[in-house]
Amino acid sequence: ALTEETGFAPLDAADTIIIGVGEGTPLELGFVREALRLCKNTIVVLTRTPYPLPRLPEGCAVLCMYWLTPVSVQAVCRVLRGEVEPLGKSPVAVS
């Protein structure tokens, strides 16, 4: 697991980094910034709401699943594997 204690060394050789972000806490956003610095192909999966979106750094791809349920996780995995195109729009304004 990636923590402040273990550091980011395992990410140095990654082709793609996928990070789940819940509430967009400073710790989560710090991990996203560091992942993006190490790997330009960084994907953020917003697991609860779209509201952290404006605080994410530029340059990462973003998927929003609205809640962490088995069906949502399966859908995101299908998108990440390229099996389906992500469709839809946010039911709320995010700015």
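Residues numbered from 1 in each chain as written. Predicted model: local features only at pLDDT ≥ 70, side-chain atom pairs only at ≥ 80, totals over all residues. Heavy atoms only, no water.

**Considering the pairing of strand β2 (residues 42–46)**
Side-chain positions along a regular strand alternate between the two faces of the sheet. Taken across its five residues, β2 has five buried, putting it largely inside the fold. Burial along β2 is two-sided: the residues T42, V44 and L46 and I43 and V45 are all buried. Note on the crossover from strand β1 (residues 17–21) through helix α1 (residues 26–38) to β2: the handedness is right-handed. Where β2 lies against strand β3 (residues 61–64), four bridges are found, and the strand directions are parallel. (Buried < 20%, exposed > 50% of the residue type's maximum accessible area, 1.4 Å probe, protein only. Helix = DSSP H or I, 4+ residues; strand = E, 2+ residues; numbered from the N terminus. Right-handed = clockwise from strand over helix to strand, strands pointing away. Pairing = 2+ DSSP bridges.)

**Considering the layout of surface pockets**
Size it by volume and the largest pocket reaches roughly 400 Å³. Lining the largest pocket we find 18 residues, and of these L63, C64, M65, Y66 and L87 sit closest to its centre. Counting only elements with at least two residues in the lining of the largest pocket, the list comes to β3 and α2 (70–80). The biggest single contributor to the lining of the largest pocket is α2, with four residues. In terms of residue class, the lining of the largest pocket is made up of 14 nonpolar, three polar and one charged. (1 Å grid on protein atoms, 1.4 Å probe; cavity = no way out; pocket = protein on both sides within 12 Å on 5 of 7 lines; lining within 4 Å. Points joined across faces, edges and corners; volume = space filled by probe spheres on them. Nonpolar A, V, L, I, M, F, W, Y, C, P; charged D, E, K, R; others polar.)

**Structural notes on the side chain of T42**
By the secondary structure assignment, T42 is in strand β2. Beyond its immediate chain neighbours, meaning those up to four positions away, T42 contacts I17, A35, L36, C60 and A61. (Contact = heavy atoms within 4.5 Å.)

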